[in-house]
Every structure is written in C-alpha cells, then in structure tokens.
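# An overview of the molecular structure
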Amino acid sequence: MSFVGESGSGHSVVMDGSPEHGGRNLGVRPMEMLLIGLGGCTAFDVVLMLQKSRQNVVDVEVALDAERAEEIPQVFADIKVHFKVWGKDLSANHVERAVKLSEEKYCSATKMLEKSATITCTWEIIEA
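The structure contained in this document is the topic of the report that follows. (Residues numbered from 1 in each chain as written. Predicted model: local features only at pLDDT ≥ 70, side-chain atom pairs only at ≥ 80, totals over all residues. Heavy atoms only, no water.)

## Structural notes on a negative patch on the surface
A contiguous patch of negative charge, built from Asp 65, Glu 67, Glu 70 and Glu 71, is present on the exposed surface. By secondary structure assignment, the location of Glu 67 is in strand β3 (residues 56-68). Overall, Glu 67 belongs to the partly exposed group, its relative accessible area being 49%. (Patch = residues over 30% accessible without salt bridge, like charges linked within 9 Å, V, L, I, M, F, W, Y side chains within 5 Å. Areas by Shrake-Rupley, 256 points an atom, 1.4 Å probe, with all protein chains shown as cover. Salt bridge = Lys/Arg side-chain N within 4 Å of Asp/Glu carboxyl O. Lys, Arg positive; Asp, Glu negative; His and termini not counted. Charge placed at Lys NZ, Arg CZ, Asp CG, Glu CD. Helix = DSSP H or I, 4+ residues; strand = E, 2+ residues; numbered from the N terminus. Buried < 20%, exposed > 50% of the residue type's maximum accessible area, 1.4 Å probe, protein only.)

What follows is the structure, encoded as structure tokens:
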C-alpha cells in the first residue's frame, strides 16, 4: 500500500496507508496530500500578494482542519483554513484582502474542493 507519486516537474512523494489498511505508515495518506496541496496553493497566493503590496512578511503557516463525509466516497465536507502570518508592521487590511482573494479567486485547489466542502478561512498576524 506504499506508492511513490512522481510529478511532471520531476519531484517525488511517498504515500502510504495505515497498518490497519495494509500500509506501513511510510508516507502521507493520499487524502492528506489533497489538504497539503490546498495549504500550499493558498499560502503561495497569500505570500505573493503580500509581497506585491510591499508587506514585510517573514513567515506564513497554514493550518488545515477537515471533516470528511460519513458516506463513501467520504469526500471532504468541511475544511477550516487558518493562516498565521508573521511580519513587521503588517497591515491587517492587506492580510485580510490577500486571504480573501486567494479563497475567492486565485487558489485552484480551493475552487476544486469547494465543490464538495464548505471552506472557511481565518487569519492572524504575529509581529516578528
């Protein structure tokens, strides 16, 4: 139950299942990969927008918490996305706008997953 996924850009990632499902716990679960992709996609958008707005961003962390549907195929039904944005003298208006634009317009992963899940984004600024 262990698989290596290879991307078109030449990168690899190990995916595996839990031991109770025949895996050896050697990598992330495939459904976790979807959430990791969502987190990376939206973080990329937010950082780019903040940099273009000349915001002094030091770090961004995106935490995701998701609930899956009870019935098969057990798609994601509810996803909470929380941004922690570290920086110096960051504008709350700029951070809020970047998160909102990523969620509503730019993040391809969000647009795909919102077809089955309610996605809620929150954010906080931490002075660096």
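## Here's the deal with the pairing of strand β4 (residues 76-88)
On a regular strand, each side chain points to the face opposite its neighbour's, so the side chains alternate between the two faces of the sheet. The pairing of β3 with β4 spans 12 bridges and is antiparallel. The residue bridging Val 60 from the neighbouring strand is Val 85, located in β4. (Pairing = 2+ DSSP bridges.)

## Concerning unusual backbone geometry
For the peptide bond that leads from Ile 72 to Pro 73, omega is 25 degrees, which places it in the cis range. As for its placement among the helices and strands, Pro 73 is situated in the loop between β3 and β4. A positive phi is found at Asn 25, a non-glycine position, where the angle reads about 60 degrees. Inspection of the secondary structure puts Asn 25 in the loop between β2 (12-15) and α1 (30-52). Although it is not a glycine, Gln 74 sits at a positive phi angle of roughly 50 degrees.

## Considering the nonpolar core
Counting 22 residues, the largest nonpolar core has Leu 38, Ile 79, Val 81, Phe 83 and Val 85 as its most contacted members. Broken down by secondary-structure element, the contributors of at least two residues to this core are α1, β3, β4, α2 (92-106) and α3 (108-113). When residues in this core are grouped by element, the largest group, 6 residues, is from α1. If near-sequence neighbours (up to four positions away) are discounted, Ile 79 is found in contact with Leu 35, Leu 38, Leu 64, Asp 65, Ala 66, Leu 113, Ala 117, Thr 118, Ile 119 and Thr 120. (Core = buried A, V, L, I, M, F, W, Y, C linked by side-chain atoms within 4.5 Å. Contact = heavy atoms within 4.5 Å.)

## Quick notes on α2
If you check α2, its first and last C-alpha atoms are 20 Å apart, about what 15 residues at 1.5 Å a residue would give, namely 21 Å. Those residues of α2 that sit buried are Val 95, Ala 98, Val 99, Ser 102 and Glu 103. For α2, the arc enclosing every buried residue in end-on projection is 120 degrees, short of the 170-degree limit, so these residues lie on one face. Of the exposed residues in α2, those oriented more than 90 degrees away from the buried face are Asn 93, Arg 97 and Lys 105. (Expected span 1.5 Å × (residues − 1). Arc of directions from axis to C-beta.)

## Description of the environment of Cys 121
Position of Cys 121 among the secondary structure elements: in strand β5 (residues 118-127). Between the C-alpha atoms of Cys 121 and Glu 103, which are 18 residues apart in sequence, the distance is 7.5 Å. Contacts of Cys 121, omitting those with residues within four sequence positions, involve Val 81, Phe 83, Val 99 and Glu 103.

Honestly, it's all geometry; don't read function into it.
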